[in-house]
Amino acid sequence: MNKNVNNSYWELKQYFNENDLIVVGGGIVGLTTALQFKLKNKKANVLILERGLFPNGASTKNAGFACFGSATELFDDLSKSDEQTVFETVEMRWKGLQLLLKTLGSKNIRFIACGGYEVFNSLQELHFIEDKLVFLNKKIKETIGLDNTFKKKKLDFFNPKLIKGLVINQHEGQIDTGLMMESLLQLAISNGVKLLNGVDVSKTSDALNGVELQTNVGVFKAKKVVIATNGFVKDLIPLKDVLPARAQVLITKPIKNLKLKGCFHYDKGYYYFRNIDNRILLGGGRNLDFEGETISAFQLNSLIQNKLDEMLKNIIIENIPHEIEHRWCGIMGVGSEKKPIIQFYSNNILLAVRMGGMGVAIGSLVGKIAAEKIAKT
C-alpha cells in the first residue's frame, strides 16, 4: 500500500503500480533508454523518475561538445587503460554521436561540424603529440573508419608567444545542450514515455514479480528498472568504480567581433572552451583539486573559478574587454577507466552509468544498449 494516502486510484494505477519499465534518471541516458525501449515495445508502460527540476547531473549543464577524444586525452587514457578498452570506448562515443544526430536531427540540436581543436602552450608537448599523430590516425581508421582525423592546424587569433600550436580532430563539433535535451524530451513524450520530476529514489529492491522503488512521494513498482543516474549511482547502489566528478563552468556576456570559433581543448581535455552566441563558455580545471571535486554537491570551487578567470583573460581572449555573466557546475560520473558500465545489478535492475565526462557523445548509445539488454530479460 502506498504511504501517501492522498494519491487517487488513477494516480496509483497510471504511475505507481503498473509499470513495465522505470528508468531512474532523466538525462541523456535515461531519456534515450526509455525512448528506445518504448519504440520496440509500443504497448509498454514506461516511466522516468527524475529527482531534479532539470536532469540532476550534467545533461543540461554540459558545455555542448560533440567530441570523442582529443589527442593528449587519448594518450592519457592509454597510460591508464589497455589499448583495446580505450579505442572500444572511442568507437562507442562515435557511434553514440551518430545515433544522437540520427535520432534528433542536426538542426534540432544546432550541430555545427566545426572540428575540435587542442591548444598547446608547450613546444615539447606539441612535438610529442605530432610524432604520435600517425599512430592515432591509424587506430581511429581501424576503429571507426575515419581518415586523417588528427592533424596540425594554425589559427591566428591566439598570441603566438603563448600558444605554440594546435591539433585538430576534424570530425568533432558542437551542439546546443538546451535544444538537445528539449528535443530528446519531447520525442520521448510524443512516443508515450512518462516523466515525473521531483521524485527522489532512496532505495530499490527486488520484489515479487518485479522491483519496488522507495521515494519521497511513495513506493513505485515496476517489472524492470534501469538506473541511469551516472555520478549519483552510489546513492542507490554500492558500486565501487563510479565516483561523482564536479565540472566548473563560466560564460561571458556577448563580446563584439569575437573571432574565436570552434571547440577547444587544453591540458588533456581538463579545460575546454567555445564560442556560443558570441560569448565564451569555459569550463574544467578539475585536475587542480581532484579530491575536492569528487563530490556530488552543486557548489563552485573558488580555486578553479579563479584559474578559469585567469585562463580566459591571459590566454583565450587576451586584452579583450569582457564580463562574466554566469557560473555553474555539473556532476559527471568517472572511474578507473572511461568505458561505461552497462550491467545487471540484479535480475530486474540494470545499471547504465559512468559516462566518463563524455555523456553527449556516448549517452545515446549507452541508452540504446541498456534498452536492448533490459528488454531481453
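Residues numbered from 1 in each chain as written. Predicted model: local features only at pLDDT ≥ 70, side-chain atom pairs only at ≥ 80, totals over all residues. Heavy atoms only, no water.

A. Representation of the overall build of the protein within the structure. Of regular secondary structure, the protein possesses nine helices and 18 strands. On C-alpha atoms alone, the protein measures out to a radius of gyration of 21 Å, which is about the 21 Å that the 2.2 N^0.38 rule sets for 377 residues. In terms of its C-alpha atoms, the protein occupies a principal-axis envelope of roughly 70 × 45 × 40 Å. Expressed as a percentage of the 377 residues in the protein, the buried residues total 54%. (Helix = DSSP H or I, 4+ residues; strand = E, 2+ residues; numbered from the N terminus. Rg over C-alpha atoms; globule rule 2.2 N^0.38 Å. Buried < 20%, exposed > 50% of the residue type's maximum accessible area, 1.4 Å probe, protein only.)

B. Main features of the environment of V360. In this fold, V360 is placed in helix α9 (residues 359–375). It is 30 Å that separates the C-alpha atoms of V360 and S205, two residues lying 155 residues apart in sequence. Contacts of V360, omitting those with residues within four sequence positions, involve I28, N62, F65, A66, L97, L100, I175 and M180. (Contact = heavy atoms within 4.5 Å.)

C. The arrangement of the sheet that holds strand β4 (residues 116–120) in detail. Spatially, β5-β6-β4-β13-β14-β15-β12-β16 is the arrangement adopted by the eight strands of the open sheet, whose pairing is mixed. One side of each edge strand has no neighbouring strand; the edge strands of this open sheet are β5 (150–153) and β16 (324–334). With strand direction ignored, the average angle separating the axes of adjacent strands in the sheet is 25 degrees. Bridge count between strand β13 (residues 263–266) and strand β14 (residues 271–276): four bridges; the pairing is antiparallel. Following the sheet pairing, C263 is matched in β14 by R274. In the packing of helix α5 (residues 123–144) onto the sheet, contacts are made with β4, β5 and β6 (165–169), and the angle to β5 comes to roughly 150 degrees. (Pairing = 2+ DSSP bridges. Axes fitted to C-alpha atoms, helices over the stretch in contact; angles between N-to-C directions.)

D. A look at the environment of K132. For K132, the position within the fold is in helix α5. Take K132: its relative accessible area is 31%, and that puts it in the partly exposed class. Sequence separation between K132 and T72 is 60 residues, and the spatial gap between their C-alpha atoms is 9.7 Å.

E. The arrangement of the side chain of S70 in detail. Residue placement: S70 occurs in the loop between β3 (65–66) and α3 (71–78). Residue classification places S70 among the buried residues on the basis of a relative accessible area of 3%. Apart from residues no more than four positions distant in its own chain, S70 is found in contact with E118, F150, E172, H265 and G269.

F. Spatial organisation of the pattern of salt bridges. Within the structure shown, the criterion is met by 22 salt bridges. In this structure, D77 and K338 form a salt bridge, with 3.1 Å as the shortest nitrogen-oxygen distance. Note that D77 is positioned in helix α3 and K338 in the loop between β16 and β17 (341–346), a separation of 261 residues in sequence. Given a relative accessible area of 9%, D77 falls into the buried group. When its relative accessible area of 24% is taken as the criterion, K338 is described as partly exposed. Taking the shortest distance from any N to any O, the salt bridge between E142 and K139 comes out at 3.5 Å. Taken as a pair, E142 and K139 lie in helix α5 at a separation of three residues, close to a single helical turn. On the accessibility criterion, E142 (48% relative accessible area) is partly exposed. (Salt bridge = Lys/Arg side-chain N within 4 Å of Asp/Glu carboxyl O.)

G. A look at the nonpolar core. Grouped together as the largest cluster of nonpolar side chains are 56 residues, with contacts concentrated most on F68, L136, I140, F150, M180, V226 and V366. Those residues in contact with V366, other than ones at most four positions away along the chain, are V29, M92, P340, I342, A352 and M355. Counting residues in hydrophobic clusters, the runner-up holds 24 residues, among them F264, Y270, Y271 and I280. (Core = buried A, V, L, I, M, F, W, Y, C linked by side-chain atoms within 4.5 Å.)

H. Looking closely at helix α4 (residues 83–104). Given a rise of 1.5 Å per residue, 22 residues ought to cover 32 Å, and the 32 Å separating the end C-alpha atoms of α4 matches this to within 8%. Between a side-chain oxygen at the N-terminus of α4 and the backbone nitrogen of Q84 the separation is 3.2 Å; the capping residue is D82. Backbone geometry just downstream of α4 places G105 in the positive-phi region, at approximately 85 degrees. (Expected span 1.5 Å × (residues − 1). Polar contact = N/O pair within 3.5 Å; in protein donor to acceptor, adjacent residues only side chain to side chain.)

I. Seen up close, the packing of α4 against α9. Contact geometry for α4 and α9: axes closest at 6 Å, N-to-C directions at 85 degrees. The angle between α4 and α9 falls in the class roughly perpendicular. The segment α4 lies against α9, with T89, M92, R93, K95, G96, L97, L99 and L100 engaging V360, A361, I362, S364, L365, V366, K368 and I369. (Parallel < 35°, antiparallel > 145°, perpendicular 65-115°, else oblique.)

J. Focus on the environment of I374. Tracing the backbone through its elements, the reader meets I374 in helix α9. On the basis of relative accessibility, which here comes to 1%, the residue I374 falls in the buried class. As for I374 and F128, which are separated by 246 residues in sequence, their C-alpha atoms are 44 Å apart. Once residues lying within four places of it in the same chain are set aside, the contact partners of I374 are L21, F37, K224, V225, V226, F344, N348 and L350.

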